[in-house]
Amino acid sequence: MKYYDKLIFELSKPGRTGYSLPETEQQLPKGIVWRETAPALPEVSEVDVVRHYTNLSQMNFGVDTGFYPLGSCTMKYNPKVNEEIAAMPAFTGLHPLQPASTVKGALEVLAGMDKALAAITGMKHFTFLPCAGAHGELTGLMLMREYHMSRGDLARTKVIVPDSAHGTNPASAAVCGLDIVVVKSKADGLVDVEALKALLGPDVAGIMLTNPNTLGLFERDIKEIAELVHGCGGLLYYDGANMNPLLGVVRPGDMGFDIMHLNLHKTFSTPHGGGGPGSGPVGVSDKVVPFLHIPHVSGFHGNFGVILRAYAYILMLGREHIKLAGKLATLGANYIKESLKDCYKLPIPTVCKHEFVFDGLLEDNGVSTLDVAKRLLDYGFHAPTIYFPLLFHQAIMIEPTETESLETLDAFIAVMRKIAEEAKSDPEMLHAAPHNTPIGRPDETTAARQPVLKYD
Ligand SMILES: *Cc1c(COP(=O)(O)O)cnc(C)c1O
């Protein structure tokens, strides 16, 4: 154990302090009495405090400390200039109840963002109220319901969701009081159009899709799907949480989608994870605009700081450079996929977009996807998304992003190959991984629900 792995209480020495204040004559105000015993705080010097917090910050893994190939979640590096802009006092000091005439700059940011996102997605307008992707999905589905109700079309209670969908899609539909109907994927990972046809009818409110889907594959039949769903009177909802591969290349509006959300905290530069902060703006096509809450641009606009970071990010990249993000992310994903497919099972061997899925090791010797993920931590890489999507039992879903250099991708590939070798030579060691992290394999559910956070 390293000296500074000790608890700060174990470093404590009576009387040691990290500050010095001048003697004062001041008395306590009347009615306030000194406590009888001093609080049981550790007594340490300033440098011990600094090391304590710095060491704590390094016990966790973040995109600022290493490569983070988390599929479906677009864990990209977030340029620090966006943090600086979001931290400007002129923005952080705003209050949502301020008169509109005093917050014109902020309104301009929102209006500019509305325009930028409309240009990127092909939607007509956006609302910035939703604070996360799932929140955006619920908002979007409520807009879908409003649209049908306004036409007296009350029988439309079903939402079609592919079996590869992100879990929040059916969950949001259920929260919205809609019935979920699952449409199968074919062996090539794309929606089965024939199966979809059989589900369409006057009771269908719409379909929720993401394209590229959660396997990182582009739904090539999207035009036909849009015609079929519109033809039966339904709407198309686009889950744009991972818009990265499409930026400046393809627009959901042009594919025929009517309603969509974006995750600004995935695609557009905000550190995310741990439940927030997020922003899930919802965009709509012409025919849904009348149901968007009005005004689109006024007070209480969700997480303004996240919107601001995204706006800075979009303006910094500009119309031309934003196109590179998706292309480089796609190139990186295909590079990793092709470099590792002789050691890992690749169930769908076609060209992918920004992410792809392996189904465990080709020659596993009892080594599971969980073992591989844990071992990666020993080598300083965060694990990819594992056991999702549910279509494959040993899913390893890898998404590099555009900010990773070729050298980083090569280092990751080398480590993944090394782990495949270790699976042959020493599977027991892999079952026990990780070996170099502060803790090994906690029960993840208990660790999340009943964390032990106190010194005992
Ligand atoms: C992350 C994600 C969501 C949900 O977004 P949250 O902000 O976590 O609510 C929805 N769909 C897809 C495809 C995602 O990757």
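Residues numbered from 1 in each chain as written. Predicted model: local features only at pLDDT ≥ 70, side-chain atom pairs only at ≥ 80, totals over all residues. Heavy atoms only, no water.

1. Some remarks on unusual backbone geometry
Reasoning step 1: Cis geometry marks the peptide bond from Phe-388 to Pro-389, where omega comes out at -5 degrees.
Reasoning step 2: Relative to the helices and strands, Pro-389 is located in the loop between β9 (385–386) and β10 (395–398).
Reasoning step 3: Cis geometry marks the peptide bond from Ala-433 to Pro-434, where omega comes out at 5 degrees.
Reasoning step 4: Along the chain, the position of Pro-434 falls in the loop between α15 (427–431) and α16 (444–449).
Reasoning step 5: Of note, Tyr-387 is a non-glycine position whose phi angle comes to about 60 degrees, a positive value.
Reasoning step 6: Within the element layout of this structure, Tyr-387 appears in the loop between β9 and β10. (Helix = DSSP H or I, 4+ residues; strand = E, 2+ residues; numbered from the N terminus.)

2. Details of the sheet that holds strand β8 (residues 356–359)
Reasoning step 1: Across the sheet, three strands lie side by side as β8-β10-β9; this open sheet has antiparallel pairing. Both edges of this open sheet fall to β8 and β9, since each of them pairs with a single strand only.
Reasoning step 2: Of the pairings in the sheet, the one linking β9 to β10 comprises two bridges and is antiparallel in character. Residue pairing across strands places Thr-385 opposite Met-397, the latter belonging to β10. (Pairing = 2+ DSSP bridges.)

3. Concerning the sheet that holds strand β5 (residues 235–240)
Reasoning step 1: Read from one edge to the other, the open sheet built from seven strands follows the order β1-β7-β6-β5-β4-β2-β3, with strand pairing classed as mixed. Pairing within the sheet leaves two strands with one partner each, and these edge strands are β1 (125–127) and β3 (179–183). On average, each strand axis in the sheet is inclined to that of its neighbour by 25 degrees, with strand direction left out of account.
Reasoning step 2: Two elements, β5 and strand β6 (residues 259–262), share four bridges in a ladder whose sense is parallel. Across the sheet, the residue bridging to Tyr-237 is Ile-259, located in β6.
Reasoning step 3: Along the sheet, helix α6 (residues 133–150) makes contact with β2 (158–162), β4 (204–209), β5, β6 and β7 (282–284), crossing β5 at roughly 170 degrees.
Reasoning step 4: Seen against the sheet, helix α9 (residues 222–231) touches β4 and β5 and runs at an angle of roughly 135 degrees to β5. (Axes fitted to C-alpha atoms, helices over the stretch in contact; angles between N-to-C directions. Contact = heavy atoms within 4.5 Å.)

4. A short note on the packing of aromatic side chains
Reasoning step 1: Within the structure shown, the criterion is met by 10 aromatic pairs.
Reasoning step 2: Judged by centre distance (5.2 Å) and plane angle (80 degrees), the ring pair of Phe-67 and Phe-412 falls under edge-to-face. Of this pair, Phe-67 sits in the loop between α2 (46–57) and α3 (80–86) while Phe-412 sits in helix α14 (residues 406–425), and the two are 345 residues apart along the sequence. This pair shows no difference in class: Phe-67 is buried, exactly as Phe-412 is.
Reasoning step 3: Seen from their ring centres, Phe-381 and Phe-412 are 5.6 Å apart, and the 90 degrees between their planes marks the pair as edge-to-face. Residue Phe-381 is found in the loop between α13 (369–378) and β9, and its partner Phe-412 is found in helix α14; the two are separated by 31 residues along the sequence.
Reasoning step 4: For Phe-412, a relative accessible area of 0% puts it in the buried group.
Reasoning step 5: Among the aromatic residues, those joined into a ring-pair cluster are Phe-67, Phe-381 and Phe-412. (Phe/Tyr/Trp six-rings, centres within 6.5 Å; stacked < 30°, edge-to-face > 60°. Buried < 20%, exposed > 50% of the residue type's maximum accessible area, 1.4 Å probe, protein only.)

Taken by themselves, the reported measurements are silent on function.
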